[in-house]
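Analysis of the macromolecular model
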Amino acid sequence: MNIDDSHSADRKSFNIHAILMQGVPRTMQEFLDMSFAGNGLLAWLQAAVWIVGAVVMMKIILPLIIRRISTWAASTSTRWDDALVQGLRAVRWYLVAVVALIPASNELVLRASSERWLSGMATVAFFLQLGLCANAFISGWITTVRQDSLQKDPSTTSALSILSFIGRVVAWAILLLLLLDNLGFDVNALVAGLGIGGIAIGLALQNILGDLFASLSIVLDKPFQVGDFIVIDDFSGSVENIGLKTTRLRSLSGEVLVFSNGDLTKSRLRNYKLMKERRIPFTFGLTFDATPDQLEQVPDAIKKVVDAQKQARFDRAHFTGIGGSSLDFEVVYWMLTPDYTAYRDVQQAINLGLMREFAALGVDFAFPTHTLMLGKQSPIVVALAQASGVPEASRAL
């Protein structure tokens, strides 16, 4: 700016000041012309207006806006607007007041150091407020989605919790880098240093990080979910919680089994909750005194008993062979429900029904027996030795 421009700016400022002072009593003008810390009282009042205006807007206008958006969000099926309401509710008036220091400081003539401090405080407050809003937005969206899908898929609780945690960590990390960049730090060197440090931390925490990524694999691939009954090696139980590092099972005997997520992804497990139907094979044997006509009627009797159970579907029944002490049969049927208690109830009813049907047919269940056959043998001649004057004799056995 040249000298002429400077003089024209001064004249323009003076004219504006003169216009504002028109009609103001002289004593008031003298009061407003008073100077504090190198700035007139009017300049201080203008700076205060920025701060007070920001606080008034947060206290009065923002709640009205939030109520309007909440009413509109309640009438829609999307969840983004509900999350937006949560984000707006995270606005803090004192942080906004600190951010208002930037336009307020423009009304004042301050030292360079003071301007840097005010600008730094306002920048920190701005990014902190932005982080609180982003955190509330992510949490609100995750919460509403989890409530909607909890009834359909219980594992959504763990999956969304993990995604919420990761999303908030990423949001805060990005905002921290932006804050440092605005404060004048060399972010590129910082990112490079964090990369090297991240490798070292990753090597030190590889087990923990392995369990963390394993938990993501579990919630995304869904080999099991909360409420499922699973068997892992010699352990079994119902899944109670899928955490970031461990998964907890409640065993049939009541204790809690804790497995690391990394071990679970490496193990072979059986998930009984995913069964839609349960295939049930069983065998039994009949005694050898059963006639061929009786054995021919046995499969039909078995089918009759199984068909009488509403939760079972008959598959097959066969006379499979002649065993060492029984005539062996094999039966296969399907349970229409994976419930284990229902399966045991049906099996009990089938066993009782078979006993009644076989009693009517006149056949008996076999049990392990061994028959010892003794045939007639030629006599064995035993010679008795002579002793103490007794003559030698022979006896035939």
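This section reports on the structure supplied with the text.

Looking now at the overall build of the protein chain. Assigned secondary structure in the protein chain consists of 13 helices and twelve strands. Pairs at least 24 apart in sequence give 59% of the contacts found in the protein chain among residues at least 6 apart. Carbon and sulfur atoms form 62% of the exposed surface of the protein chain, whose accessible area is close to 26100 Å².

According to the stated counting rule, one finds five salt bridges in the structure shown. A salt bridge links R316 to E330; its shortest N-O distance comes to 3.1 Å. Within this pair, whereas R316 is found in strand β9 (residues 312-322), its partner E330 is found in strand β10 (residues 327-335), the two being separated by 14 residues in sequence. Take R316: its relative accessible area is 25%, and that puts it in the partly exposed class. A relative accessible area of 25% means that E330 is categorised as partly exposed.

Residues F284, L286, I302, Y333, M335, I350 and F358 are the most contacted members of the largest nonpolar core, which totals 25 residues. At the level of secondary structure, the elements contributing two or more residues to this core comprise β8 (278-286), α12 (292-307), β9, β10 and α13 (340-361). It is α13 that provides the largest number of residues to this core, a total of six residues. The contacts of L286, once residues within four sequence positions are left out, are L295, V298, S326, L327, F329, F358, V363, D364, F365 and A366. Core analysis: the next-biggest nonpolar cluster, separate from the first, contains eleven residues, I218, I242, L249 and L257 among them.

Turning to the side chain of N261, a few remarks are in order. Residue placement: N261 occurs in helix α11 (residues 261-266). Among residues more than four places away in sequence, those in contact with N261 are D211, A214, S215, I218, G243, L244, K245, T246 and T247.

This brings us to the environment of A83. By the element assignment, A83 lies in helix α4 (residues 80-89). It is 4.8 Å that separates the C-alpha atoms of A83 and W141, two residues lying 58 residues apart in sequence. Residues in contact with A83, not counting those within four places in the same chain, are F137, G140 and W141.

Bringing the sheet that holds β8 into the picture now. Read from one edge to the other, the open sheet built from three strands follows the order β8-β10-β9, with strand pairing classed as antiparallel. For this open sheet the edge positions go to β8 and β9, each flanked by a neighbour on one side alone. Taken over all neighbouring pairs, the strand axes of this sheet differ in orientation by 20° on average, direction set aside. Pairing analysis gives nine bridges linking β8 to β10, with the strands arranged antiparallel. Each bridged residue has a counterpart across the sheet, and for F284 the counterpart in β10 is F329. The sheet strands contacting α12 are β8, β9 and β10, and the helix crosses β9 at an angle near 155°. Sitting on the sheet, α13 is in contact with β8, β9 and β10, with an inclination near 25° to β8.

Attention now goes to α13. Compared with an ideal rise of 1.5 Å per residue, which puts 22 residues at 32 Å, α13 spans 31 Å between its outermost C-alpha atoms and is within 8% of the ideal. Residues of α13 that are buried include every one of A342, Y343, V346, Q347, I350, G353, L354 and F358, and no others. Each buried residue of α13 lies within a common arc of 135° when the element is viewed along its axis, so the set occupies one face. For α13, exposure combined with an orientation more than 90 degrees from the buried face picks out T341, Q348, M355, R356 and A359. Its side-chain oxygen 3.5 Å from the backbone nitrogen of T341, D339 forms the N-cap of α13. After α13 finishes, the residue G362 shows a positive phi value of roughly 85°.

Glancing now at the pairing of strand β4 (residues 235-242). Pairing between strand β3 (residues 229-232) and β4: four bridges, direction antiparallel. From the neighbouring strand, V231 faces β4, where its bridge partner is S236. Between β3 and β4, which pair antiparallel and follow one another directly, the connecting turn spans two residues, one of which, D233, has a positive phi of 55°. As defined by bridge partners, β4 adjoins strand β5 (residues 246-250) across four bridges and the pair is classed as antiparallel. Opposite N241, over in β5, you have R248 as the bridge partner. Linking β4 back to β5 in an antiparallel pair, the connection comprises three residues.

Moving on, we come to the sheet that holds β4. Ordered in space as β6-β5-β4-β3-β7, the five strands form an open sheet in which the pairing is antiparallel. Taken across any chain shown, the strands that pair with only one partner, and hence form the sheet edges, are β6 (256-260) and β7 (269-271). Direction aside, the axes of adjacent strands within the sheet are offset by 40° on average.

This paragraph deals with the packing of α12 against α13. Packing of α12 against α13 brings their axes to within 10 Å, and their N-to-C directions diverge by 145°. Where α12 crosses over α13, the two elements pack in a sense that is right-handed. Contacts from Q294, Q297, V298, A301, I302, K304, V305 and V306 in α12 reach A349, I350, G353, L354, E357, F358 and L361 in α13. Residues belonging to the contact of α12 with α13 are distributed by class as follows: ten nonpolar, three polar and two charged.

Looking now at the pairing of β9. Alignment of β9 against β10, held across nine bridges, turns out to be antiparallel. Directly across from R313, in β10, lies its bridge partner W334. Hairpin geometry of β9 and β10 is characterised by an intervening segment of four residues between the two adjacent antiparallel strands.

The rules behind the values
Residues numbered from 1 in each chain as written. Predicted model: local features only at pLDDT ≥ 70, side-chain atom pairs only at ≥ 80, totals over all residues. Heavy atoms only, no water. Helix = DSSP H or I, 4+ residues; strand = E, 2+ residues; numbered from the N terminus. Contact = heavy atoms within 4.5 Å. Areas by Shrake-Rupley, 256 points an atom, 1.4 Å probe, with all protein chains shown as cover. Salt bridge = Lys/Arg side-chain N within 4 Å of Asp/Glu carboxyl O. Buried < 20%, exposed > 50% of the residue type's maximum accessible area, 1.4 Å probe, protein only. Core = buried A, V, L, I, M, F, W, Y, C linked by side-chain atoms within 4.5 Å. Pairing = 2+ DSSP bridges. Axes fitted to C-alpha atoms, helices over the stretch in contact; angles between N-to-C directions. Expected span 1.5 Å × (residues − 1). Arc of directions from axis to C-beta. Polar contact = N/O pair within 3.5 Å; in protein donor to acceptor, adjacent residues only side chain to side chain. Left-handed = near helix turned anticlockwise from the far one by under 90°. Nonpolar A, V, L, I, M, F, W, Y, C, P; charged D, E, K, R; others polar.

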